[in-house]
There are 2 protein chains.
Amino acid sequence: MPLTLTSLGCASALPTRDTYFTAHVLNIRGRLFLLDCGEGTQLRLRQLGISMGSIEHVFITHLHGDHVFGLLGMLSTMHMLNRKHPLYIHAPAGLEKLIAFYFAFLGEREPSFTIIHEKVETDGLSLILETDTADVYAFPLNHSIPAYGYLFREKPVRKSYPRAVAYCTDTAPRPEIPVWIKGVDLLFHEATFLEQDTVAAAKYLHSTARQAAQTALSAGAGQLILGHFSSRYKETPAFLAEAREIFPNTELSTEGRTFSVPRSFIPTEAE
Amino acid sequence: MPLTLTSLGCASALPTRDTYFTAHVLNIRGRLFLLDCGEGTQLRLRQLGISMGSIEHVFITHLHGDHVFGLLGMLSTMHMLNRKHPLYIHAPAGLEKLIAFYFAFLGEREPSFTIIHEKVETDGLSLILETDTADVYAFPLNHSIPAYGYLFREKPVRKSYPRAVAYCTDTAPRPEIPVWIKGVDLLFHEATFLEQDTVAAAKYLHSTARQAAQTALSAGAGQLILGHFSSRYKETPAFLAEAREIFPNTELSTEGRTFSVPRSFIPTEAE
């Protein structure tokens, strides 16, 4: 009964020679959720052998190009593959312009499937979706445009504890975030900058690796994975070192890595 | 004094695990021209170490998504890199919708550079641009929407013959094409299908490898390079074999390959 988070990329607004835009695929017991969709996401799905047809829900954190430009190509490809089942795109207000542009591009043709924009807008932790394997919550982040983090709580199964994953990008620190995501097993958090560039991080409403680690610590998270690294840094080990000073169980969410949250079994009376 | 054509990708509308959308960079004595801009093009430029800042002219053959969706991300990145010099996008009518969408996305911000859409519309071979190193012509192709091929004729330099490159995609065969591009040193031509799928090629207004080779032969081209392969074929050697039966000097324009047209020196009287 897997719960895994696979990284399609860890670049921020400017990709590098070896990175792709930050996006992830969350697999909760066979249900795939796509988290953000920057340019090239459909190529990354194909390269990693992840079936586009298995994705029913896309969650967009915010409407900066590096998180959404891949939607156009992905919708086109789904149409060309004659997709029939609907696609739900959970995203802040404003995504309609992109979807309208996609339809304008199609001209007189109708896509083979229904595209539903579920508008995300909330001041606090808010249930936005129930599926058979997970409840999904949105919560506001702290960025230069409206941005939302997502919290996935696995539906309980017999004899094991439910698992939870939180996805936070792009954002500067915000005191409520660790409260909203308290106890998550796996936290993806942007670390666009290192602490040496705290001023830039504050200016652009991003986080440093240290701040991401602080959020993970305050939330009592199980594991922290970092991504969305600025291209100004040539190497990423510094992010790891900086975060691990505060939160030892940190990894880097680099291209193609998959992180698992194993099941924890509830002890029976005999145990 | 190089004249080279570098392939960024050879996929057609549906990319595969190992391919990227068809696009090329033509370098004529230091001037870079980008030919088409499907999703991921900016990533490919970065991966191949090709400077985006050195590109002043983009030539779009037609407005199918796999040839244009990369413009949004590329324009965004150019703006973030604080580009100052203008970008000319030579493209059929309709590109304005994409540029308008890009501006809508930017909101109140102005891009740091001017974006000029030079509309391409012609019934025959037509000079559309003169630069210091080349004259550029457009000519109509034979596709399901308005599509244009491009012909680049090097400006003469002392003591050597000018060189010429033609770029033909997407297109079914058309008798005038070999006339318009007569004598080109290097011809890029789409070969979406193999001859066994001639019916599909005709239906979707594409070419087979054999047809591309026939065009090259009729045009008296120097070298033919093929690309824009349909994802239905798992291997590409069949394209080569099929084309070489008609036109031996054929290569495949696969990811990252660069093709050169060496200078030919004009013999002096003493010779």
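Here, the structure is the one placed above.
On a predicted model such as this, the values are computed, not experimentally measured, just so you know.

A. Representation of the sheet that holds strand E8 (residues 134-140) of chain A. Residue and element names in this part refer to chain A. Here 7 strands make up an open sheet; going across it, the order is E7-E8-E9-E11-E12-E13-E14 and the pairing mixed. On the outer flanks of this sheet lie strand E7 (126-130) and strand E14 (250-252), each paired with one strand and no other. Strand-to-strand twist in this sheet, taken as the mean axis angle between neighbours without regard to direction, amounts to 20°. Where strand E12 (residues 186-190) meets strand E13 (residues 223-227), 5 bridges bridge the pair, whose relative direction is parallel.

B. Examining the environment of Ile 60 of chain A more closely. Residues and elements named next belong to chain A. With respect to the secondary-structure elements, Ile 60 resides in the loop between strand E4 (55-59) and helix H2 (65-68). Each C-alpha atom, one on Ile 60 and one on Tyr 102, is 17 Å from the other, the two residues being 42 residues apart in sequence. Filtering out sequence-adjacent residues up to four positions away, Ile 60 remains in contact with Asp 36, Cys 37, His 67, Val 68, Leu 71, Ile 89, His 90, Ala 91, Pro 92 and Tyr 150.

C. Representation of the interface of chain A and chain B in the model. Taken together, the contact pairs 34 residues of chain A with 34 residues of chain B. The three residues of chain A that bury the most area against chain B are Glu 39, Phe 69 and Phe 105 of chain A, which together make up 23% of that side's buried surface. Where chain A touches chain B, the interface holds 0 salt bridges. Where chain A meets chain B, there are 9 residue pairs in polar contact (both at pLDDT 80 or more). Elements supplying a minimum of two residues to the side of chain A that touches chain B: helix H1 (41-47), H2, helix H3 (70-80) and helix H4 (95-106) of chain A. Sorting elements by how many residues they give to the side of chain A that touches chain B places H3 of chain A first, with 7 residues. Class assignment for the residues of the side of chain A that touches chain B results in 17 nonpolar, 13 polar and 4 charged.

Cut-offs applied
Residues numbered from 1 in each chain as written. Chains lettered and ligands numbered in written order. Predicted model: local features only at pLDDT ≥ 70, side-chain atom pairs only at ≥ 80, totals over all residues. Heavy atoms only, no water. Pairing = 2+ DSSP bridges. Helix = DSSP H or I, 4+ residues; strand = E, 2+ residues; numbered from the N terminus. Axes fitted to C-alpha atoms, helices over the stretch in contact; angles between N-to-C directions. Contact = heavy atoms within 4.5 Å. Buried area = accessible area lost by both parts, 1.4 Å probe. Salt bridge = Lys/Arg side-chain N within 4 Å of Asp/Glu carboxyl O. Polar contact = N/O pair within 3.5 Å; in protein donor to acceptor, adjacent residues only side chain to side chain. Nonpolar A, V, L, I, M, F, W, Y, C, P; charged D, E, K, R; others polar.

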